[in-house]
Amino acid sequence: MSGHISFFKSVENYVDKAASFTDIPRGLVEQIKACNLVLQIRFPVRVGNDYEVIEAYRVQHSHHRLPTKGGIRYAESVDQDEVMALAALMTYKCALVDVPFGGAKGGIKINPAKYTVEQLQNITRRYTTELIKKNFIGPGIDVPAPDYGTGPREMAWILDTYQAFRHGEIDSIGCVTGKPVTQNGIRGRAEATGRGVFYGLRECLSHAEDMAKIGLTKGMAGKTMVVQGLGNVGSNTALISQQEGDAKIIGIAEREGSIYSANGINVEKLMAFRKETGSIIGFPGTEHIGDASAALELECDILVPAALENQITLKNADRIKAKIIAEAANGPITADADPILLKKGVLILPDFYINAGGVTVSYFEWLKNLSHHRFGRLENRFQNEAFTGILNKVEEMTGKTINAREKDFLTRGGTEVELVNSGLQDTMVVAYQQIRETLLQHSDIQDVRTAAFVCSLKKIASDYVSMGIFP
Ligand code: NAD
């Protein structure tokens, strides 16, 4: 919650603001904003010698495209408003990156750390059963994925439960994404959200004239970066930005506190250190600078909040010194803090753009599941032979020899992970170009978030119009 505005209301407010820059009829905007289906569930789970009543949700925000899609979150913060807001963000996210799904989200109000693996499995299987009973899951209906507090393990339990009830359904493996690679998942999904953050940031940083406006030079190399949350999204963003973008990670925050080093922090070594000691505090060469929110206030070029919502609020917005904020988490900046940051000239890359890598690769996984074959399997050898033929011809015509290593590189087909990463990169770059184009066309739009919402709204509205529902 931000002040008196709920998370869902703040998403609606952003949409209303963006809609005012379009000619989409008011009634259609209201339809786009509305949550189409909300399922609230209570079920018992045996914990020790007693039972516990578990509170859970699944929200399908928009049916303008099917299936609906969105992660499942295990956190104590889960409530109906949060799940509705996150489901709505999924609708705008999918539209923005041309993933042909409606938005959805699920949540179970638990702290997973308080349960054994067996209890977590019981909770996940019972939740899935409730979704099946209500027809809230299926490859053409609603397809969950991981989110905060869940990962491939939970997705494998969901798949197994679904298949137990839907024996013989040919596309059943497409009922959930983010599965382990050995359980019909796809290579590259685990790191997809963080990798997408990296591609989006790199694209944004590549425009010298945009960077000059915020006092930065172009390019990621050497830029200082601070990351909050070393989970799936935060750790991959930090790791890939450091290893492939040469960013200098100077600050990291986790639950136990914040650390800083002007010389840069080796993320791979830090993660190994945390695995061993259970904490980031005390990592050699770093200084402990305060609690989990302290790092947010560090002077840096790029700040990546990658933990949970409501991290930058009225309380600390004034003290934020970053030039760019990439909202890797969903909703890390409250609606009342957003204008303060914009007034300070901070460039904010909004959540539903910058963290869209996860759903993009989930879409690739779903396509792989429905096609029942691995990407590249049909065409790789054929392409290899065709390219070899072309190179042989080039050698024959020029009288020059291409060395074996070069030939090998030029003729081989892409592996699954290479194809996934190149599709992801293209998706993030194209979406950024569309947002940037919108900003260039509308001199009255001042921020990336509003421009991105305009792009999404236009696409969703055009779907409704082509359905013949609205003129
Ligand atoms: P995760 O559970 O893997 O990691 C979250 C991390 O944040 C954990 O390590 C946790 O200890 C840490 N954390 C919690 N509170 C903190 C605090 N106050 N300060 C610092 N660290 C804190 O979750 P995730 O999947 O990485 O998701 C993180 C965010 O990214 C969420 O907002 C989620 O909705 C969003 N997101 C995730 C995906 C995905 O594919 N997993 C996709 C899009 C968006």
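Residues numbered from 1 in each chain as written. Predicted model: local features only at pLDDT ≥ 70, side-chain atom pairs only at ≥ 80, totals over all residues. Heavy atoms only, no water.

Visitor: Explanation requested: the overall build of the chain in the structure shown.
Guide: Along its length, the chain carries 16 helices and 12 strands. Taking 2.2 N^0.38 as the reference for a compact globule, 471 residues should give roughly 23 Å; the C-alpha atoms of the chain span a radius of gyration of 23 Å, in line with that estimate. With the C-alpha coordinates aligned to their principal axes, the bounding extent of the chain is approximately 80 × 60 × 55 Å. Burial status across the chain gives 56% buried among its 471 residues. A separation threshold of at least 6 residues defines the contact pool for the chain, and within that pool the share at least 24 residues apart is 69%. Per element, the accessible surface of the chain, about 20300 Å² overall, is 52% carbon and sulfur. Considering the chain, the positive charge centre built from 52 side chains and the negative charge centre built from 55 side chains are found 2 Å apart. (Helix = DSSP H or I, 4+ residues; strand = E, 2+ residues; numbered from the N terminus. Rg over C-alpha atoms; globule rule 2.2 N^0.38 Å. Buried < 20%, exposed > 50% of the residue type's maximum accessible area, 1.4 Å probe, protein only. Contact = heavy atoms within 4.5 Å. Areas by Shrake-Rupley, 256 points an atom, 1.4 Å probe, with all protein chains shown as cover. Lys, Arg positive; Asp, Glu negative; His and termini not counted. Charge placed at Lys NZ, Arg CZ, Asp CG, Glu CD.)

Visitor: Looking at this structure, I do not really get the packing of helix H1 (residues 7–19) against helix H2 (residues 26–33). What am I missing?
Guide: Helix packing geometry: the angle between the two helix axes and the distance between the axes. Running from N to C, H1 and H2 cross one another at 150°; their axes reach a closest spacing of 11 Å. Overall, the two elements H1 and H2 adopt an arrangement that is roughly antiparallel. For the crossing formed where H1 meets H2, the hand is right-handed. Contact residues: Phe8, Glu12, Val15, Asp16 and Ala19 in H1; Arg26, Val29, Glu30 and Lys33 in H2. Within the contact of H1 with H2, the residues separate by chemical class into four nonpolar, no polar and five charged. (Axes fitted to C-alpha atoms, helices over the stretch in contact; angles between N-to-C directions. Parallel < 35°, antiparallel > 145°, perpendicular 65-115°, else oblique. Left-handed = near helix turned anticlockwise from the far one by under 90°. Nonpolar A, V, L, I, M, F, W, Y, C, P; charged D, E, K, R; others polar.)

Visitor: Looking at this structure, I do not really get the domain arrangement of the chain. What am I missing?
Guide: How big an interface is tends to be expressed through the accessible area that disappears when the partners come together. Segmenting the chain into domains produces domain 1 (37–183) and domain 2 (186–376 + 414–471). Computed from C-alpha atoms alone, the centre-to-centre distance between domain 1 and domain 2 is 24 Å. Across the boundary between the two partners, domain 1 contributes 37 residues, which contact 36 residues of domain 2. Summed over both partners, the interface of domain 1 with domain 2 comes to about 3100 Å²; 64% of that surface belongs to carbon and sulfur atoms. Where domain 1 packs against domain 2, one counts 15 residue pairs in polar contact (both at pLDDT 80 or more). For the side of domain 1 that touches domain 2, the secondary-structure elements that each account for two or more residues are strand S3 (68–74), helix H3 (80–96) and strand S5 (142–146). Sorting elements by how many residues they give to the side of domain 1 that touches domain 2 places H3 first, with 10 residues. Looking at the side of domain 1 that touches domain 2 residue by residue, the classes come out as 21 nonpolar, six polar and 10 charged. (Domains from an automatic or database assignment. Buried area = accessible area lost by both parts, 1.4 Å probe. Polar contact = N/O pair within 3.5 Å; in protein donor to acceptor, adjacent residues only side chain to side chain.)

Visitor: Would you mind showing me how to read the side chain of Ser241 here?
Guide: With respect to the helices and strands, Ser241 occurs in helix H8 (residues 232–245). Beyond its immediate chain neighbours, meaning those up to four positions away, Ser241 contacts Phe198, Met220, Met225, Asn236, Asp246 and Ala247.

Visitor: Which parts of the structure should I look at to understand the pairing of strand S4 (residues 102–108)?
Guide: For a regular strand, side chains alternate in direction, first toward one face of the sheet and then toward the other. Most of S4 is tucked away, with seven of its seven residues classed as buried. The alternating pattern of S4 places Gly102, Ala104, Gly106 and Ile108 on one face and Gly103, Lys105 and Gly107 on the opposite face, and all of these are buried. Pairing between strand S2 (residues 50–60) and S4: five bridges, direction antiparallel. Counted as the bridge partner of Tyr57 is Gly107 from S4. Examined bridge by bridge, S3 and S4 share five bridges and lie parallel to one another. Counted as the bridge partner of Ile72 is Gly106 from S4. As for the winding sense of the linkage, the β-α-β connection from S3 through H3 to S4 is right-handed. (Pairing = 2+ DSSP bridges. Right-handed = clockwise from strand over helix to strand, strands pointing away.)

Visitor: What is the right way to read the pattern of salt bridges from this model?
Guide: Pairs may arise between side chains of opposite charge once their charged atoms sit close together. Applying the stated criterion across every chain yields a total of 34 salt bridges. Note that Arg26 is salt-bridged to Asp16, the shortest N-O span being 2.7 Å. You can see Arg26 sitting in helix H2 and its partner Asp16 sitting in helix H1, a full 10 residues away along the chain. Owing to a relative accessible area of 44%, Arg26 belongs among the partly exposed residues under this scheme. The partner of Arg436 in a salt bridge is Glu209, and the shortest N-O contact between them spans 3.1 Å. On the criterion of sequence distance, the pair formed by Arg436 in helix H15 (residues 416–441) and Glu209 in helix H7 (residues 208–213) is long-range, its members being 227 residues apart. Under the relative-accessibility criterion, Glu209 is labelled partly exposed at 48%. (Salt bridge = Lys/Arg side-chain N within 4 Å of Asp/Glu carboxyl O.)

Visitor: Looking at this model, I keep getting lost on the sheet that holds strand S7 (residues 248–254). Mind explaining?
Guide: Hydrogen bonds along the backbone pair up the strands of a sheet, which may run parallel or antiparallel. Taken in spatial order, the seven strands of this open sheet run S9-S8-S7-S6-S10-S11-S12, and their pairing is mixed. Each end of this open sheet is capped by a strand with a single partner; those strands are strand S9 (287–290) and strand S12 (347–349). Along the sheet, successive strands turn relative to each other by an average axial angle of 20°, direction set aside. As judged from the three bridges shared by strand S8 (residues 257–260) and S9, these two strands associate in the antiparallel manner. The partner of Ser258 across the bridge, within S9, is Gly290. Those strands touched by H8 are strand S6 (224–228), S7 and strand S10 (302–305), and its axis lies near 165° from that of S6.

Visitor: Just checking my understanding: could you explain the packing of aromatic side chains for this structure?
Guide: The geometry of an aromatic ring pair is captured by two quantities: the separation of the ring centres and the angle between the planes. All told, the structure shown has 10 aromatic pairs when counted by the stated rule. Both rings, one in Tyr14 and one in Phe453, keep their centres 6.2 Å apart while their planes meet at 20°; by these two values the pair is stacked. Of this pair, Tyr14 sits in helix H1 while Phe453 sits in helix H16 (residues 448–467); the two residues are 439 residues apart in sequence, bridging distant segments of the chain. Members of the aromatic cluster, joined through ring pairs, are Tyr14, Tyr92, Phe352 and Phe453. Taking NZ or CZ as reference, Arg449 lies 4.6 Å from the ring centre of Tyr14, over its face. (Phe/Tyr/Trp six-rings, centres within 6.5 Å; stacked < 30°, edge-to-face > 60°. Lys NZ or Arg CZ within 6 Å of the ring centre and 35° of its normal.)

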